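So you can see what is in the structure, the chains are spelled out below.
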Amino acid sequence: AGVLVRHRVPMLSLQDVFSKEEVFSFVADMKERLANPEFVVEYKIDGLSMTLRYEHGKLVLAETRGDGVEFGEDVTENARMIQDVKQELSHAPDYLEIRGEVYMRLDTFEAVNARQELLGKKLFANPRNCAAGTLRQLESKALQERPLSMFVFNLQDVEGRAFDTHTSCYEYLASEGIPIIDDYRLCRDAEEVWQAICEIGEKRGQLPYDIDGAVVKINRYADRQLLGATAKAPRWAVAYKYPPEEKESTIREIELSVGRTGRINPTAIFDPVRLCGTTVTRATLHNQDFIDELGINVGDQVLVYKSGEIIPKIKALSKKESEGSYQIPDCCPACGEKTCRMPGTADIKCTNPACPAQSIRRIINFASRDAMDLKGFGASYIEALCERGDLVDVSDIYQLYKKRDALIEDGIIGKEKNTDKLLAVIEASKQNSAEKLLTGLGIDNVGKTAAAKLMKRFQTLDALAKASEAQLLEVEDVGEVLAGCIVDFFKDEKNRALLQRLKDAGVRMDSEFSQASDLFAGKTFCITGTLPTLMRKEAADLIEKNGGKVTGSVSRKTSFLLAGENAGSKQTKAMELGIPVISEEEFLQQLEERQHAD
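Note that residues are indexed from 1 along each chain, following the sequence as it is written. Predicted model: local features are reported for residues with pLDDT of at least 70 only, side-chain atom pairs are reported and counted for 80 or more only, and whole-chain, interface and lining totals are derived from all residues. Side-chain calculation: all heavy atoms of the structure are included, whereas hydrogens and water are not.

Enquirer: Sorry if this is basic, but what is going on with the overall build of the protein chain here?
Expert: Helix and strand counts for the protein chain come out as 22 helices and 22 strands. Atoms considered for the radius of gyration are the C-alpha atoms alone. The globule rule reads 2.2 Å times the number of residues to the power 0.38. At 28 Å, the protein chain has a C-alpha radius of gyration in line with the 25 Å of a compact globule built from 598 residues. Exposure classes here rest on a 1.4 Å probe applied to the protein chains alone. A residue is buried below 20% of its type maximum, exposed above 50%, and partly exposed in between. Sorting the 598 residues of the protein chain into buried and exposed places 49% on the buried side. Of the contacts made within the protein chain by residues no fewer than 6 positions apart, 67% connect residues no fewer than 24 positions apart. Using a 1.4 Å probe, accessible areas were evaluated by the Shrake-Rupley method; residue-level cover was limited to the displayed protein chains. Summed over all atoms, the accessible surface of the protein chain reaches about 28,600 Å², with 49% contributed by carbon and sulfur. Both charge centroids of the protein chain, one from 79 positive and one from 95 negative side chains, sit 2 Å from each other. Note on conventions: DSSP H or I runs of at least 4 residues are helices, E runs of at least 2 residues are strands, and numbering of each starts at the N terminus. The contact criterion used throughout is that any non-hydrogen atoms of two residues lie within 4.5 Å. His residues and chain termini do not enter the charge count, which takes Lys and Arg as positive and Asp and Glu as negative. In this description, the location of a charge corresponds to atom NZ of lysine, CZ of arginine, CG of aspartate or CD of glutamate.

Now the structure itself:
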């Protein structure tokens, strides 16, 4: 993984269509341009594209889509670990290049996430993300723990044998034992095409893998040749995207939890419904305003859907079975103290700073990846240790080594090896740069971006603690609300005592920003797609440590787009605006050159 290879045939994406009218219009256009065209309708598997090259029947290269036009990433060694990838073909042409979709079956995905939870690691959001991360792992053994599958959906290039149609090529591939897309349909007119799309739509919740649409493509290769492609997509195919799947369910309970800032979070628990291949039983109700707006309560029937086919949400009330709408109580579900609505917001908060639920959330936030990044210190361990009284606030984490023998004996974190591993992670975190500690303190409105900017300006937590509101307002993007939150936090005697306990435990109080270069000073980056070796967060840290800014969208003010696999619409926009698009390799090269120059 990580080595770029040049595409022999571009791996273009497809043009999306969203309505029956657009499908009929595509079919009519094809009929106008071609003599009696045939259409193949097939599943659009939700995974990531990979091309396989065979020379004289032997697999010589597997590559990802990359930028889709010029370069992909060599993933041959990992591809050899996928059972569906044939290493050798028995009746092979001299050269064969085929494109398919690498995906993860839903049962495999559930097993992988169960294992992640057991190890106290972060869960994957969906099978697609998990498959993408696994295929591009530098160590092939990850594929043994997270097995991937593949369907082939296109012939890219062939020498030494001719195929007239997509379906005849499928027949050949199937005879070689290569898995091709299940249940494809051959159609001759718009009605047949639409019927096939509807039938696939009805089946999509029952398949053992996720699909994110249906593809309509021209069958005859000669017709495809005639039509060609635009810079972005072939003219001979479209991808139909289904509207979000919606199901009715009955709310059985409204569960309340308390966030680290004391905010009361209501969640609806409803009868299980299957959406986009997974079973869903809960969705956030956001706040009292949202509940009142929909007028929902326990016992009501609601319409549930998945936003972006990932996050379950409640769309509307479908049948009223209860009286009035649910009211969040005026006492905290965790400690029983009074709650109050914060002025100018829809948030209802617990007013008790010693609320145990807030303590747990604050410690979970402190251990999270954006903060102190205590790998393996999951929420379940934190909750168990809080319950026993071993953790009251974040400084107690650095006293756990004194309780090593009791922790091993009770098996809270596991046996000796696991406990020592976690204690080593905690010890190593003392050397984290202070912006991570600042993020972990859970000051209202201070996330990792604000923490980085503050530490760049003040460099030590002591200096920040002494800063006046006027000095804080000089920092980029710090407004009166944020400045007020910081001043209030450090004014509080309890917070100053907490900081002293962390300092006494040896936790670092100064920032690495003093050592950073100004290589990207005045430059704004946007990061998109999956980078070959860096996590997006790591890339953002490198940019900020070298004087640059990172934004979430592309505009005329963007200096560079750092693009990886499946860069999508941001890359298109950057190209339209003439903004330089750089790869991870070019980005790291700039950093390396600067280091040598220094």
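That covers the picture; the talk isn't over yet.
Enquirer: What should I look at first to understand the pairing of strand S19 (residues 524–528) in this one?
Expert: The side chains of a regular strand alternate, first on one face of the sheet and then on the other. S19 sits mainly inside the fold: five of its five residues count as buried. A two-sided burial pattern is seen for S19, the buried positions comprising Thr524, Cys526 and Thr528 on one face and Phe525 and Ile527 on the other. One ladder, built from three bridges, connects S19 with strand S20 (residues 549–551); its direction is parallel. When the bridges of S20 are listed, Cys526 appears paired with Thr551. With respect to chirality, the unit in which S19 leads through helix H20 (residues 536–545) into the neighbouring parallel S20 is right-handed. Two strands pair when backbone bridges link them, and S19 and strand S21 (residues 560–563) are joined in this way by four bridges, in the parallel orientation. The residue of S21 that forms the bridge with Phe525 is Phe560. At least two bridges found by DSSP between two strands is the condition for calling them paired. Throughout, right-handed denotes a crossover for which the path from the first strand over the helix to the second runs clockwise when the strands point away from the viewer.

Enquirer: Looking at this model, I keep getting lost on the sheet that holds strand S5 (residues 58–64). Mind explaining?
Expert: Strands belonging to one sheet form pairs held by backbone hydrogen bonds; the direction of such a pair is parallel or antiparallel. Read across the sheet, four strands follow the order S5-S4-S7-S8 without closing on themselves; strand pairing throughout is antiparallel. At either end of the open sheet lies a strand with only one pairing partner, and these are S5 and strand S8 (149–159). The average undirected angle you get between the axes of adjacent strands in this sheet is 25°. Relative to S5, strand S4 (residues 48–55) runs antiparallel, the two being bridged by six bridges. Across the sheet, Glu55 pairs through a bridge with Lys58, a residue of S5. An axis is simply a line fitted to the C-alpha atoms; with a helix, the fit covers only the stretch in contact. Between two such axes, the angle follows the N-to-C directions and lies from 0 to 180 degrees.

Enquirer: It is not clear to me how the nonpolar core should be interpreted in this structure. Could you clarify?
Expert: For soluble globular proteins, the rule of thumb is that nonpolar side chains tend to be buried together. In this structure, Met50, Leu173 and Ile197 are the most contacted members of the largest nonpolar core, which totals 68 residues. Within this scheme, the nonpolar core is defined by two criteria: the residues are buried Ala, Val, Leu, Ile, Met, Phe, Trp, Tyr or Cys, and they are joined through side-chain atoms within 4.5 Å. One finds Leu374, Tyr398, Phe458 and Ala483 within the second-largest nonpolar core, a separate group that totals 51 residues.

Enquirer: Just to check I follow, could you spell out the packing of aromatic side chains for this structure?
Expert: Aromatic ring pairs are reported here in terms of the distance separating the ring centres and the angle at which the planes meet. In this scheme Phe, Tyr and Trp rings, the latter by its six-membered ring, pair at centre separations within 6.5 Å, and the angle between planes marks the pair as stacked below 30 degrees, edge-to-face above 60, and tilted otherwise. One pass over the full model with this rule turns up 15 aromatic pairs. Taking the centre distance of 5.1 Å and the plane angle of 15° together, the rings of Tyr103 and Phe151 count as stacked. Of the two residues, Tyr103 is situated in strand S7 (residues 95–103) and Phe151 in strand S8; the sequence distance between them amounts to 48 residues. For the residue pair Tyr103 and Phe151, the accessibility class agrees, reading buried in each case.

Enquirer: I would appreciate a short explanation of the packing of helix H18 (residues 480–491) against helix H19 (residues 493–504) in the present structure.
Expert: Helix-helix packing is characterised by the crossing angle of the two axes and by the distance between the axes. Direction vectors running N to C along H18 and H19 enclose 75°, while the axes themselves pass 5 Å from each other. As summarised for this structure, H18 and H19 are arranged roughly perpendicular, according to the angle between their axes. In this structure, H18 uses Phe489, Phe490 and Lys491 to contact H19, whose residues at the interface are Glu493, Asn495, Arg496 and Leu499. Residues are grouped as follows: Ala, Val, Leu, Ile, Met, Phe, Trp, Tyr, Cys and Pro are nonpolar; Asp, Glu, Lys and Arg are charged; all remaining types, including Gly, are polar. Its residues placed into classes, the contact of H18 with H19 shows three nonpolar, one polar and three charged. Orientation categories follow fixed angle ranges, with anything under 35 degrees roughly parallel, anything over 145 roughly antiparallel, 65 to 115 roughly perpendicular, and all other angles oblique.

Enquirer: Just to check I follow, could you spell out the environment of Ala35 for this structure?
Expert: Looking at where Ala35 falls in the secondary structure, it is placed in the loop between helix H1 (20–33) and strand S3 (39–45). Accessibility expressed as a relative area gives 61% for Ala35, which makes it exposed. The spacing of Ala35 and Leu119 is 84 residues in sequence and 59 Å in space, taken between C-alpha atoms.

Enquirer: Sorry if this is basic, but what is going on with the side chain of His7 here?
Expert: As for its placement among the helices and strands, His7 is situated in the loop between strand S1 (4–6) and strand S2 (15–17). We classify His7 as buried; its relative accessible area is 8%. For the purposes of these results, a polar contact is taken to be a pair of N or O atoms within 3.5 Å, where, inside protein, one atom must be able to donate a hydrogen and its partner to accept one; residues adjacent in sequence count only when each atom of the pair is a side-chain atom. For His7, the side chain forms a polar contact with the side chain of Glu63, separated by 2.8 Å. At 3.2 Å, the side chain of His7 and the backbone oxygen of Phe71 are in polar contact. Beyond its immediate chain neighbours, meaning those up to four positions away, His7 contacts Arg53, Glu63, Thr64, Arg65, Asp67, Gly68, Val69, Glu70, Phe71 and Gly72.

Enquirer: What is the right way to read the pattern of salt bridges from this model?
Expert: Here, a salt bridge means any Lys or Arg side-chain nitrogen found within 4 Å of an Asp or Glu carboxyl oxygen. What the rule picks out here adds up to 47 salt bridges. Put simply, Arg53 and Glu63 hold a salt bridge, and the shortest N to O gap is 3.1 Å. Of this pair, Arg53 sits in strand S4 while Glu63 sits in strand S5; the two residues are ten residues apart in sequence, bridging distant segments of the chain. When sorted by exposure, Arg53 lands in the same class as Glu63, which is buried. Arg220 is the partner of Asp223 in a salt bridge, and the nearest nitrogen-oxygen pair spans 3.2 Å. Look at Arg220 and you get partly exposed, because its relative accessible area is 25%. Via salt bridges that share partners, Arg8, Arg53, Glu63, Glu97, Asp157 and Glu159 belong to a single interconnected network.

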